[in-house]
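# Working through the structure, step by step
The primary structure of each chain is shown beneath.
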Amino acid sequence: MTASAEQATVLQTTALQATALQCRGISYRYPGTTRAALEDIDVDTPAGSITALVGPSGCGKTTLLKLVGGVLRPNQGSIRIGERDMTRVPVQRRQIGWVPQQYALFDHLDVKANIAFGLRAQKRPSAERRRRVAELLELCQIQDLADRSVDDLSGGQRQRVAIARALAPYPQVLLLDEPLAALDPQLRGRLRADLSAMIRAAGVTTIMVTHDQDEALAMSDHLVLMNAGRIEQSGTPEQVWHRPGTSWAAEFLGGATVVAVEDRPRAGRVRISAGVEIPVRDDGGDGVAVRALDFAAAPASQGEVPDVGGELALGTVLAMEFGGDRYRGRVRLETGLELPCTASEYMEVGTQVSVRATHHREIPEVTL
Ligand SMILES: Nc1ncnc2c1ncn2[C@@H]1O[C@H](COP(=O)(O)OP(=O)(O)OP(=O)(O)O)[C@@H](O)[C@H]1O
């Protein structure tokens, strides 16, 4: 049986009644500070979905997690889990599963006892505890670690135990604070899919904080982009990526470059510089959010003659680095406009290049 088929089988026996989470008009200021850490936050997470909170350091992600978890109380606004208003309900009565950044496992207990910890606190009978621990060992694919001391585990194994421990007491909401940050980059990539499979099999509404945009895009159903204590934009990862609502959102998520529109020669096309016309969504705005894959640069000496008003423009390489499948860089066009680009070969800074729009997608428009 495959891992996901096994997890689906476990789900049939452990399925929780997933509940939605709703934050309305949440504001919070830390005592003794003058600026609010969060202002007027609305978040809706459908039952059983994964929501990722992303944004620059200090934007309020952890504060929001703590408010949902009940560690802090909002100055304004409400938090509902399912039908219940939880705004004033203390942390121990919220039925929240919390996985902190470093997992905080109990080193003096073995894996089984770590997983059973919350069930003991709930005073569940021992037969039920044993059954639930067995379910979680299976769900998280750690049956062979059951009797091991948590001291002996690898980072990836510790992470699975932490998830199992958080899920064991039937939480209504699972909160993950940088769930993969403690692991090395290769392991993170592999565990990402496993982690979302575990969460989805458990059917629990989940909010995770992450600095890793790839992780947020890959794992979440709903992405909340935060900026300076407010929500800049939210939606599915595809919506936020393909249709950034603001210049800031475009630049933060995936590092788009926002450039001004010079002219609109016809519907679905804008000119951003002499010789550079690009396909756009026509959704309004005086700027466009371009990414490296929207432009291809090649050495000008390869015989492509710039055709001003057509498809090519001349420029100079400002930066170039290897990005795996392609080189990625920046060029300055003769008009002075700087654009990100890809290239199929390495070119030194200062190389004269011709730049072509790749036309592979409709580029989103934003307000400058
Ligand atoms: N205990 C505290 N007392 C006072 N101010 C705090 C406290 N904790 C956080 N802050 C402030 O609240 C704001 C939001 O902090 P928070 O930790 O929620 O941000 P974050 O987005 O999680 O950042 P990071 O990504 O760096 O963890 C910041 O301006 C921070 O300095």
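Calculation criteria
Residues numbered from 1 in each chain as written. Predicted model: local features only at pLDDT ≥ 70, side-chain atom pairs only at ≥ 80, totals over all residues. Helix = DSSP H or I, 4+ residues; strand = E, 2+ residues; numbered from the N terminus. Buried ≥ 20, exposed ≤ 12 C-beta atoms within 10 Å, placed from the backbone. Contact = placed C-beta atoms within 7 Å. Near = placed C-beta within 6 Å. Nonpolar A, V, L, I, M, F, W, Y, C, P; charged D, E, K, R; others polar. Axes fitted to C-alpha atoms, helices over the stretch in contact; angles between N-to-C directions. Parallel < 35°, antiparallel > 145°, perpendicular 65-115°, else oblique. Left-handed = near helix turned anticlockwise from the far one by under 90°. Pairing = 2+ DSSP bridges. pLDDT = per-residue confidence, 0-100. Core = buried A, V, L, I, M, F, W, Y, C linked by C-beta atoms within 7 Å. Domains from an automatic or database assignment. Expected span 1.5 Å × (residues − 1). UniProt positions renumbered as here; feature names shortened; annotations may be inferred.

## Concerning the overall build of the protein
The helix and strand inventory of the protein stands at nine helices and 21 strands. The principal-axis extents of the C-alpha atoms in the protein amount to approximately 80 × 45 × 40 Å. Counting only residues that meet the buried cut, the protein has 40% of its 368 residues in that class. Of the contacts formed within the protein by residues at least 6 apart in sequence, a portion of 67% connects residues at least 24 apart.

## Thoughts on the site of the ligand
What surrounds the ligand is the set Tyr30, Thr33, Ala37, Gly55, Ser57, Gly58, Cys59, Gly60, Lys61, Thr62 and Thr63. Residues belonging to the shell around the ligand are distributed by class as follows: three nonpolar, seven polar and one charged.

## Remarks on unusual backbone geometry
The backbone of Asp40 shows a phi angle near 55°, a positive value even though the residue is not glycine. For Asp40, the location among the structural elements is in strand 2 (residues 38–45). One non-glycine residue, Tyr170, lies in the positive phi region at around 55°. In this structure, Tyr170 sits in the loop between helix 5 (155–167) and strand 7 (173–177).

## Considering the packing of helix 5 against helix 6 (residues 185–202)
Packed helix pairs are specified by the crossing angle of their axes together with the interaxial distance, meaning the distance between the axes. Contact geometry for helix 5 and helix 6: axes closest at 11 Å, N-to-C directions at 15°. The orientation of helix 5 relative to helix 6 falls into the category roughly parallel. Our pair here, helix 5 against helix 6, has a crossing hand that is right-handed. Judged by residue contacts, Gly155, Gly156, Gln159, Ile163 and Leu167 of helix 5 engage Leu187, Leu191, Leu195, Met198 and Ala202 from helix 6. When its residues are assigned to classes, the contact of helix 5 with helix 6 shows seven nonpolar, three polar and no charged.

## Quick look at the sheet that holds strand 12 (residues 263–266)
Paired through backbone hydrogen bonds, the strands of a sheet run either parallel or antiparallel to each other. With antiparallel pairing, three strands are arranged side by side in an open sheet as 12-13-14. Both edges of this open sheet fall to strand 12 and strand 14 (276–279), since each of them pairs with a single strand only. Here the strands of the sheet are splayed against their neighbours by 35° on average, with no regard to which way each runs.

## A look at the confidence of the model for the protein
For the protein, per-residue confidence averages 88 on the pLDDT scale, and residues scoring 70 or more make up 93% of the total. The model gives residues 305–310 a pLDDT under 50, and that stretch makes 11 contacts with residues more than four places away or in other chains. Two summary scores accompany this predicted model of the complex, namely pTM at 0.87 and ipTM at 0.98.

## Here's the deal with the nonpolar core
In this structure, Val68, Ala164 and Val355 are the most contacted members of the largest nonpolar core, which totals 97 residues. In terms of residue count, the dominant contributor to this core is helix 5 (six residues). For this core, the two domains that each supply at least three residues are domain 1 (3–242) and domain 2 (256–366). Setting aside its immediate chain neighbours within four residues, Val355 contacts Phe295, Ala297, Leu312, Ala313, Gly315, Val331, Leu333, Leu339 and Cys341.

## Topic: helix 3 (residues 111–121)
Three or more residues of helix 3 are buried, namely Val111, Lys112, Asn114, Ile115, Ala116 and Leu119. Tucked inside the fold, the buried residues of helix 3 contact helix 4 (126–139) and helix 5. The first or second residue beyond helix 3 is Lys123, which carries a positive phi of 60°.

## Some remarks on helix 5
End to end, helix 5 covers 19 Å across 13 residues, agreeing with the expected 18 Å (1.5 Å per residue, within 8%). Counting buried positions along helix 5 yields 10 of 13 residues, so the element is predominantly enclosed. Buried residues along helix 5 sit against strand 6 (96–99), helix 3, helix 4, strand 7 and helix 6.

## Here we look at the UniProt feature "domain: ABC transporter" (unreviewed entry) in the protein
Residues given the UniProt feature "domain: ABC transporter" (unreviewed entry) here are residues 21–253. Taken end to end, residues 21–253 comprises 36% helix and 24% strand; its first and last C-alpha atoms sit 25 Å apart.

## Re the packing of helix 3 against helix 5
Orientation of helix 3 relative to helix 5, taken along the N-to-C sense of each, is 30°, at an axis distance of 7 Å. When the axes of helix 3 and helix 5 are compared, the pair comes out roughly parallel. Pair helix 3 / helix 5 crosses with right-handed handedness. The segment helix 3 lies against helix 5, with Val111, Asn114, Ile115, Phe117 and Gly118 engaging Val161, Ala164 and Arg165.

## Topic: the sheet that holds strand 21 (residues 365–366)
Across the sheet, three strands lie side by side as 11-15-21; this open sheet has antiparallel pairing. In the strand order of this sheet, the two ends are held by strand 11 (257–260) and strand 21, each with one partner. Here strand 11 pairs with strand 15 (residues 287–290) via four bridges, running antiparallel. The residue of strand 15 that forms the bridge with Ala260 is Gly287.

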